[in-house]
Amino acid sequence: PTEKAWVAHGLHKYHGFWLSTKQMQGVLACQKHFQAVDSDIVLVTTLKSGTTWFQALLFALVKRAHYLDPQRHPLLTENPHVLVPNLEFDVYTDRQVLPDLSSLARPRLISTHLPYVCLPDSVKHSGCKVVYVCRDPKDVFVSLWHFSNKLRPVGSGTMSLDEAFDKFCRGVNTSGPFWDHVLGFWKESLKRPESAFFIKFEEMKQEPALHLRRLAKFLGCPFSPEEETHGVVDGILRLCSFENLSNLDVNKSGILSSGMEKSAFFRKGEVGDWMNYLTTEMVKKLDSITQEKFHGSGLKF
Ligand code: A3P
C-alpha cells in the first residue's frame, strides 16, 4: 500500500513519523499548550517498550516518601497509565477543553510516545528530566502484533503476522519508524546525559536493582542508607513486577480513558519471546534494519 493508503487507515505522517489520528489531535494541543517545569519527569517510549512497567516504577520510586504502607499503595488500586498519564492520549484529549495541570502534585509524572522532534518545546528546553525506555525491536514487534489484534474491534478480523511485519519494517505503526524514534532520544541522551536517561527493557530485566538505583540518582532521589537497609529497592521492584501488577484486579479488567483494555498491557513481560514467533528470514530482516539504522550510533541490541 502507498503512504496515502495508510493515511486512509488512520495514520498521519508528521515530521517523518507515523502518528495516529487520535494521537495527532493531542500532539498539536500539547505542543501548543503544555508547559514543562524543571521538576517534571517525562517517560518516553515507543509502544510496547515497557511503558506500563516504567510508569509503575517511576511512580513508586519518586513518590515513595508518601506511600510508606505497602498495603495502601496507589499502584494496588490504580492502573499505572492513570497514575502516569500519557500527554497526547490522556491529558490533551480535547483541543477545546484544556486540562489544568497546575494542581498536579510535584514532581509531575507524565508519559508520551512522541518522537523527540515532536516533543513540546518546553520539554526540550526546560530542566525537566526525560526517561527513555527502549526494547529489542523483535520483542516490540511481537508484542505490538498481539496488542493490535487484541484491541481490534470485534468482527474486524485479525492482522496476520506477515502483514504486521511488513508494516513494522516500513515504520508504519503508531510513532514509527521504531528505529528513528529510538535514535532521536539516544542522541539526546548522549548530548545531555543530565537531562535524558536512556535505558533498555532488557537491562532492567537483567539487573533491576542496579538500574533502579541509577534511575533514582538521575532523578535526584537516591536511596538513603536507611532505605537500603530496609529493603526499599526490592520492595519497589516487587510491587512493580509483572507477576504482581498483572495479577491485581485493577489491571485485569476495565477500560482506560483512552478506550483501551487495561489487561492488554500485560501479556508475558519477558525478554526473547520473539523466538516463538519470528521465522529465520524475519529475524534476519529485522536485525539487518537495526544494524543499518543504528550503524555508527554506538547503540546495539
Ligand atoms: P509482552 O507483550 O512482550 O509481554 P507497554 O507497556 O509499553 O505497552 O509494553 C507492554 C509490554 O510490557 C508487554 O510485553 C507487557 O507484557 C510488558 N509488561 C507490562 N508490565 C510489565 C512489568 N511490570 N514488567 C515487565 N514487563 C511488563
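Presented here is a report on the structure given in the accompanying data block. Every chain is numbered on its own, with residues counted from 1 as its sequence reads. The model is predicted, so local features are restricted to residues of pLDDT at least 70 and side-chain atom pairs to those at 80 or more, both for listing and for counting; the totals for chains, interfaces and linings are taken over all residues. Only hydrogens and water are set aside; all other atoms, that is, all heavy atoms of the structure, feed into the side-chain values.

### What about helix H3 (residues 51–62)?
No. 1: The helix and strand labels rest on DSSP assignments: H or I over at least four residues marks a helix, E over at least two residues marks a strand, and numbering proceeds from the N terminus. Multiplying one less than the number of residues by 1.5 Å gives the expected span of a helix. With 12 residues, H3 extends 16 Å between its outermost C-alpha atoms, agreeing within 8% with the 16 Å of an ideal straight helix rising 1.5 Å per residue.
No. 2: For every residue, the accessible area obtained with a 1.4 Å probe (protein chains only) is divided by the maximum for its type, and the residue is called buried under 20%, exposed over 50%, and partly exposed between those limits. For H3, a buried count of 12 out of 12 residues is recorded, marking the element as mostly surrounded by other parts of the structure.

### Quick word on the environment of Ser49
No. 1: Looking at the secondary structure, you find Ser49 in the loop between strand S3 (41–45) and H3.
No. 2: Taking the C-alpha atoms as reference points, Ser49 and Lys217, separated by 168 residues in sequence, lie 22 Å from one another.
No. 3: Once residues lying within four places of it in the same chain are set aside, the contact partners of Ser49 are Val133, Cys134, Arg135, Val140, Phe178 and Phe201.
No. 4: Counting of polar contacts relies on pairs of N or O atoms within 3.5 Å, with two restrictions inside protein: one atom must be capable of donating a hydrogen and the other of accepting it, and residues adjacent in sequence are counted only when both atoms are side-chain atoms. Looking at Ser49, its side chain comes within polar contact range of the side chain of Thr46, at 2.6 Å. By definition, residues are in contact when any of their heavy atoms lie within 4.5 Å.

### Remarks on the site of the ligand
No. 1: Near the ligand, the surroundings consist of 18 residues, among which Lys48, Thr51, Thr52, Ser143 and Lys268 are the closest.
No. 2: A distance of 2.9 Å separates a nitrogen atom of the ligand from a polar atom in the backbone of Cys240.
No. 3: Using a 1.4 Å probe, accessible areas were evaluated by the Shrake-Rupley method; residue-level cover was limited to the displayed protein chains. Protein contacts shield 98% of the accessible area of the ligand, which totals 570 Å² for the unbound molecule.
No. 4: Of all elements in the fold, only H3 and helix H14 (242–246) reach the threshold of two or more residues within the shell around the ligand.
No. 5: Broken down by element, the shell around the ligand gets its largest block of residues, 3 residues, from H3.
No. 6: Each residue is assigned to one class: nonpolar for Ala, Val, Leu, Ile, Met, Phe, Trp, Tyr, Cys and Pro, charged for Asp, Glu, Lys and Arg, and polar for all the others, Gly among them. For the shell around the ligand, the class distribution of residues is 7 nonpolar, 7 polar and 4 charged. A molecule or strand has a residue near it when one of that residue's heavy atoms lies within 4 Å.

### Topic: the side chain of Asp139
No. 1: With respect to the helices and strands, the residue Asp139 is situated in helix H7 (residues 137–151).
No. 2: Lacking a salt bridge, the buried Asp139 has Arg135 as its closest oppositely charged neighbour, with an N-O distance of 4.5 Å.
No. 3: Within the local environment of Asp139, its side chain forms a polar contact with the backbone nitrogen of Trp274, the two atoms lying 3.0 Å apart.
No. 4: In contact with Asp139, not counting residues within four places along its chain, are Glu270, Val271, Gly272, Asp273 and Trp274. In this count, Lys and Arg are taken as positive residues and Asp and Glu as negative ones, while His and the chain termini are left out. What counts as a salt bridge is simple: a side-chain nitrogen of Lys or Arg found within 4 Å of a carboxyl oxygen of Asp or Glu.

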